[in-house]
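Given next are the chains, with one letter for each unit.
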Amino acid sequence: MQLITEQQLSVASAKAIFNRLKKIVPIFKPKEFLQKNDLQLQSTGLSRPKISYCRILAERIISKDLSFRVVHKMNDEELKKELCKIKGIGAWTAECYMLASLQRRDIWPVKDVGLQVAIQRIKNLKSRPTEKEMVMLAAEWQPYRSIVANALWASYD
């Protein structure tokens, strides 16, 4: 749910929203999240679509349609494909989940603006690299792109 909160927001905005969310859902479990109404969740700064996506995710977890024990055993591509079946979870969210939560070693979220800006800075590019350029620029860092991504995020934040 934290990654859904972070989608398309600055690090500071996402952190502020998630901190407010933790105040109204102190025991951060799907059941507790679902007990909050939309007005309570909107008061944290969550948008209506993100509330909907978080509810869908919480329901999938509760119903066991999403089993973390099963998906954690999948390879990177299978896991990404499985997570992207859930409304509100796209490639960026799936990749960031694999990188941050599962500590997979070779994840490279090419759609991440922070990474694009960091690459632009260290490579002295005139503009942010495209997704295709991000793949090409990171090829030399395989199979350790997750380490590079974390270092670049730290330099960007």
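Above this text sits the structure in question.
Everything numeric here is computed off the predicted structure, so don't read it as measured data.

S.K.: Got a minute to help me understand the packing of helix α9 (residues 113-122) against helix α10 (residues 131-138) in this structure?
M.R.: If you want to describe how two helices pack, look at the angle between their axes and the distance between the axes. Relative to each other, α9 and α10 sit at 60°, their axes nearing to 11 Å. On the basis of their axis angle, the class for α9 and α10 is oblique. Judged by the twist between their axes, the crossing of α9 over α10 is left-handed. Residues L115, Q116 and I119 of α9 form the contact with α10, whose own contacting residues are E131, M134 and L137. Of the residues in the contact of α9 with α10, the class split is 4 nonpolar, 1 polar and 1 charged.

S.K.: It is not clear to me how the packing of helix α7 (residues 76-83) against helix α8 (residues 91-101) should be interpreted in this structure. Could you clarify?
M.R.: In the contact formed by α7 and α8, the axes pass within 9 Å of each other and the chain directions differ by 130°. Between α7 and α8, the interaxial angle falls into the category oblique. When the axes of α7 and α8 are compared, the crossing they make is right-handed. On the side of α7, the interface is formed by D76, L79, K80 and L83, while α8 contributes A91, A94, E95, Y97 and M98. Residue composition of the contact of α7 with α8, by class: 6 nonpolar, no polar and 3 charged.

S.K.: Quick question: what am I supposed to make of α8 here?
M.R.: Side chains three or four residues apart in an α-helix point the same way, a direct result of the helix having 3.6 residues per turn. Burial analysis of α8 places 9 of its 11 residues in the buried class, which makes it a mostly covered element. Listed in full, the buried residues belonging to α8 are A91, W92, T93, A94, E95, C96, Y97, M98 and L99. Close packing links the buried residues of α8 with α1 (2-6), α6 (68-71), α7 and α11 (145-156). Two residues or fewer past α8, Q103 is found with a positive phi of approximately 50°.

S.K.: So what exactly am I meant to see when it comes to the state of the cysteines here?
M.R.: Cysteine pairs can be covalently joined through their sulfur atoms, and such a bond is termed a disulfide. Counted under the stated rule, the structure contains 0 disulfides. With no disulfide of its own, C54 lies closest to C96 among cysteine sulfurs, the gap being 15 Å. C54 sits in the buried class, given a relative accessible area of 0%. Residue C96 stays outside any disulfide, its sulfur separated by 11 Å from that of C84, the closest cysteine.

S.K.: Where do I start with the packing of aromatic side chains in this structure?
M.R.: Working definition: an aromatic ring pair is given by the centre-to-centre distance plus the angle between the planes. On inspection of all chains with the given rule, the structure shows 4 aromatic pairs. With centroids separated by 5.3 Å and ring planes inclined at 55°, the aromatic side chains of F18 and F28 adopt a geometry described as tilted. On the criterion of sequence distance, the pair formed by F18 in helix α2 (residues 11-24) and F28 in the loop between α2 and α3 (30-34) is long-range, its members being 10 residues apart.

S.K.: Just to check I follow, could you spell out α2 for this structure?
M.R.: Given a rise of 1.5 Å per residue, 14 residues ought to cover 20 Å, and the 20 Å separating the end C-alpha atoms of α2 matches this to within 8%. Every buried residue of α2 is listed here: A14, I17, F18 and L21. Each buried residue of α2 lies within a common arc of 95° when the element is viewed along its axis, so the set occupies one face. Exposed residues pointing more than 90 degrees away from the buried face of α2 are listed as A12, K15 and K23. Summarising the contacts, the buried residues of α2 are in contact with α1, α3 and α4 (38-42).

Cut-offs used in this document
Residues numbered from 1 in each chain as written. Predicted model: local features only at pLDDT ≥ 70, side-chain atom pairs only at ≥ 80, totals over all residues. Heavy atoms only, no water. Axes fitted to C-alpha atoms, helices over the stretch in contact; angles between N-to-C directions. Helix = DSSP H or I, 4+ residues; strand = E, 2+ residues; numbered from the N terminus. Parallel < 35°, antiparallel > 145°, perpendicular 65-115°, else oblique. Left-handed = near helix turned anticlockwise from the far one by under 90°. Contact = heavy atoms within 4.5 Å. Nonpolar A, V, L, I, M, F, W, Y, C, P; charged D, E, K, R; others polar. Buried < 20%, exposed > 50% of the residue type's maximum accessible area, 1.4 Å probe, protein only. Disulfide = S-S within 2.5 Å. Phe/Tyr/Trp six-rings, centres within 6.5 Å; stacked < 30°, edge-to-face > 60°. Expected span 1.5 Å × (residues − 1). Arc of directions from axis to C-beta.

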